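# Observations on the model geometry
Now for the letters of each chain:
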Amino acid sequence: MGNFLFPVAVFFAAIFTDNILLTNYLGMCSFLAVSKELETSAGLGIAVTFVLAVTTPLNWAVYYLVLVPFQLEYLRFIVFIIIIAAFVQLIEMVIERYSENLYFSLGIFLPLITVNCAILGASLFMVIREYSFITSFFFGLGSGIGWFIAIMAMAGIRNKLRGAKIPIGLEGAGIALIIAGFMAMAFMGFSGMIQIT
Amino acid sequence: MARGMVKKTFLTPLGKDNPVFVQILGICSTLAVTNKLANTMVMVLGVMFTTALSSWTISLFRKQIPSRIRMMVETLVIATYVIIVDIILKAYNPEIWKQLGPYVGLIITNCIVMGRVEAFALQNKPTLSLIDGLASGMGYGYVLLIIAFVRELLGSGTIWGYQVLGSWWTKWAIMVMPPGGFFMLAILIWVVHEGVMKEGKNG
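Computed from a predicted model, the values in this text were never measured in an experiment. Residue positions are counted from 1 within each chain, in the order its sequence is given. Whichever chain is written first is A, and whichever ligand is written first is 1; the rest continue in order. Restriction of local features to residues with pLDDT of at least 70 applies here, the model being predicted, together with a cutoff of 80 or more for giving and counting side-chain atom pairs; totals for whole chains, interfaces and linings are based on all residues. For the side-chain quantities, the full set of heavy atoms in the structure was used; hydrogens and water were omitted.

## What to know about the environment of B:Ala173
Think of it this way: any DSSP run of H or I at least four residues long counts as a helix, any run of E at least two long counts as a strand, and we number them from the N terminus. With respect to the secondary-structure elements, B:Ala173 resides in helix H8 (residues 173–176). Between the C-alpha atom of B:Ala173 and that of B:Glu95, which follows or precedes it by 78 residues, the distance is 23 Å.

In structure tokens:
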């Protein structure tokens, strides 16, 4: 595969074969807590996608332009989490200032995002896999879209399950995890599509 | 400090207030490494170390931290301990460090660490917070070790890397792949919840 196509391949891999939620278990907490309603899932999904697409390349820039030249790689955890928190805070303020509607539909999810493991996880994967700047943008965007698809599918299935009789012990998290398991199996069907290591 | 209090603080997270079964917290970063028992053990030790010491540290400074920025301070303290774990692991066991990949760093966003600091360490004395953090880490750890044990046994026929099931055993490849983790946790939660429910009826 040519260099030119690599970011595109990473993009699709992040959505399907290497879905950040279903194969890497990242972002599970908010996934289980929020996926009860379709609308809130969509809101959180969009917010996660946006933050991922911006913070991954942003962290790339800070890591390779600041931390590596000064040999401070071991500080990356702290630096990444601060950047993510600061960025989320900034977005919250901007949205609040310019669009009240958007603030009420999206803004309430933003604080949840700082502690979403998927965001930090994507940045750490980006470092370990040594992606370039462009690739890390596509990786962040793809991961976000993958997370969005997963949580929307989950919310849809849970909606359908509302009237179903579920064993008492499985109600809530139990059944959600089983659904996630089946979804992960379904996504494994994509695995022959793209090979990225 | 009364001894009863210490005992209660230690036992609650292991039993009736288990972070994984009851609160479904913090499974994000660690479920991913439960396909091998040895990796899980390392990860669990890392989480225990982080929870215990960050609870202790925050509790020590709980009167000095302004409540407006407490989240940021907590995150920084947690991140510091995670960095220590990361560096130690990289120095002494680079192989496992490589296999765990980003998951060591993700202890920072593990809800259990932050949850214990917020819920317990901010109101309690340092020693008690240390015990609470340690116990929460253990309560969380043994659940993951059970999951890892079953996944490795059924998925690869090994325990801690040693072959226990002979060649007659057909490996359940699904167990070491991502869906296996979801199913195992769901089954465990199911079993525990059924048990709790029966206890509730009797008592």
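## Section: the packing of aromatic side chains
Classification of ring pairs rests on two measures: the distance between centres of Phe, Tyr or Trp rings, Trp counted by its six-membered ring, which must be within 6.5 Å, and the angle between planes, read as stacked under 30 degrees, edge-to-face over 60 and tilted in between. By the definition in use, this model includes 18 aromatic pairs over all chains. Summarising the aromatic geometry, the rings of A:Phe16 and A:Phe190 are spaced 4.7 Å apart at their centres and angled 50° between planes, so their arrangement reads as tilted. With a gap of 174 residues between them, A:Phe16 in the loop between helix H1 (6–15) and helix H2 (28–34) and A:Phe190 in the segment after helix H9 (173–188) connect regions that are remote in the sequence. Exposed residues in this analysis have more than 50% of their type's maximum accessible area, buried residues have under 20%, and partly exposed residues fall in between, with area computed by a 1.4 Å probe over protein chains only. Classification of A:Phe16 as partly exposed rests on a relative accessible area of 22%. The class of A:Phe190 is partly exposed, set by a relative accessible area of 28%. Taken together, a centroid distance of 5.9 Å and an interplanar angle of 85° make the contact between B:Trp168 and B:Trp169 edge-to-face. Through a chain of ring-to-ring contacts, three or more aromatic side chains come together here, namely A:Trp60, A:Tyr63, A:Tyr64, A:Phe80 and A:Phe133. Above the plane of the ring of A:Tyr98 lies A:Arg97, whose end atom (NZ or CZ) is 5.3 Å from the centre. Charges are assigned to positions over rings by a cutoff of 6 Å between ring centre and Lys NZ or Arg CZ, combined with an angular limit of 35 degrees from the ring normal.

## Focus: the nonpolar core
By convention a nonpolar core is built from buried Ala, Val, Leu, Ile, Met, Phe, Trp, Tyr and Cys residues, the set being connected through side-chain atoms within 4.5 Å. Membership of the largest hydrophobic core comes to 98 residues, with the highest contact counts inside it found for A:Met28, A:Phe31, A:Ile113, A:Trp147 and A:Leu177. It is helix H4 (residues 76–98) of chain A that provides the largest number of residues to this core, a total of eleven residues. Only heavy atoms enter the contact rule, under which two residues are in contact if any of them lie within 4.5 Å. A:Trp147 has contacts with A:Asn19, A:Ile20, A:Leu21, A:Leu26, A:Gly27, A:Ser30, A:Phe31, A:Leu44, A:Gly45, A:Val48, A:Asn116 and A:Ala118, leaving out every residue within four places of it along the chain. Formed by six residues, the second largest nonpolar core is a distinct cluster that contains B:Ile58, B:Ile65, B:Val77 and B:Tyr81.

## Observations regarding the pattern of salt bridges
Residues and elements named next belong to chain B. Here a salt bridge means any side-chain nitrogen of Lys or Arg lying within 4 Å of a carboxyl oxygen belonging to Asp or Glu. Going through the model one piece at a time under the given rule, you end up with five salt bridges over all chains. With a closest N to O distance of 2.8 Å, Arg70 and Glu118 form a salt bridge. Here Arg70, found in helix H4 (residues 70–92), pairs with Glu118, found in helix H6 (residues 111–121); they are 48 residues apart in sequence, far enough to count as distant. Judged by its relative accessible area of 25%, Arg70 falls in the partly exposed class. Judged by relative accessible area, which is 23%, Glu118 ranks as partly exposed. Its salt-bridge partner being Arg116, residue Asp132 comes within 3.0 Å of it at the nearest N-O pair. Residue Asp132 is found in helix H7 (residues 126–156), and its partner Arg116 is found in helix H6; the two are separated by 16 residues along the sequence. For the pair shown, Asp132 and Arg116 are each scored as buried.

## Some points on the side chain of A:Thr49
Residues and elements named next belong to chain A. For Thr49, the location among the structural elements is in helix H3 (residues 38–67). Under the relative-accessibility criterion, Thr49 is labelled buried at 12%. Throughout this description, a polar contact denotes any pair of N or O atoms lying within 3.5 Å of each other; where both atoms belong to protein, one of them has to be capable of donating a hydrogen while the other can accept it, and for residues adjacent in sequence the pair is counted only when both atoms sit in side chains. Side-chain polar atoms of Thr49 contact the backbone oxygen of Gly45, separated by 2.7 Å. What Thr49 contacts, discounting residues up to four positions off in sequence, is Leu141, Gly144, Ile145 and Phe148.

## Some details on the interface of chain B and chain A
Contact with chain B, which involves 39 residues of that partner, is made by 40 residues of chain A. Each partner contributes to the roughly 3,200 Å² buried at the junction of chain B and chain A, and carbon and sulfur atoms together form 85% of this total. Applying the counting criterion to the chain B and chain A interface returns one salt bridge. Across the contact surface, chain B and chain A share two residue pairs in polar contact (both at pLDDT 80 or more). If you list the elements that add at least two residues to the side of chain B that touches chain A, you get helix H2 (28–31), H4 and helix H9 (178–202) of chain B. Sorting elements by how many residues they give to the side of chain B that touches chain A places H9(B) first, with twelve residues. As a working definition, buried area equals the accessible area (1.4 Å probe) given up by two parts on being put together, with both sides summed.

## A closer look at empty space enclosed by the protein
Residue and element names in this part refer to chain A. With a 1 Å grid spanning the protein atoms alone, the term cavity applies to any set of points in which a 1.4 Å probe fits but cannot get out, the term pocket to an open set with protein on both sides within 12 Å along at least five of seven lines, and the term lining residue to any residue with an atom within 4 Å of a point. Grid points are joined across faces, edges and corners, and a volume is the space filled by probe spheres set on the points. Scanning the model with the defined rule gives two cavities of 30 Å³ or more in all. When its volume is computed, the second largest cavity comes out at roughly 30 Å³. Lining the second largest cavity we find Asp18, Ile20, Asn24, Phe125, Arg129, Phe139 and Ser143. Taken together, the residues of the lining of the second largest cavity break down into three nonpolar, two polar and two charged. Ten residue types, Ala, Val, Leu, Ile, Met, Phe, Trp, Tyr, Cys and Pro, are classed as nonpolar, four, Asp, Glu, Lys and Arg, as charged, and the remainder, Gly among them, as polar.

## Some words on the layout of surface pockets
The calculated volume of the second largest pocket comes to roughly 500 Å³. If you go around the second largest pocket, you meet 18 residues; those closest to its centre are A:Thr23, A:Asn24, B:Ala32, B:Asn35 and B:Tyr103. Considering only residue class, the lining of the second largest pocket consists of nine nonpolar, five polar and four charged.

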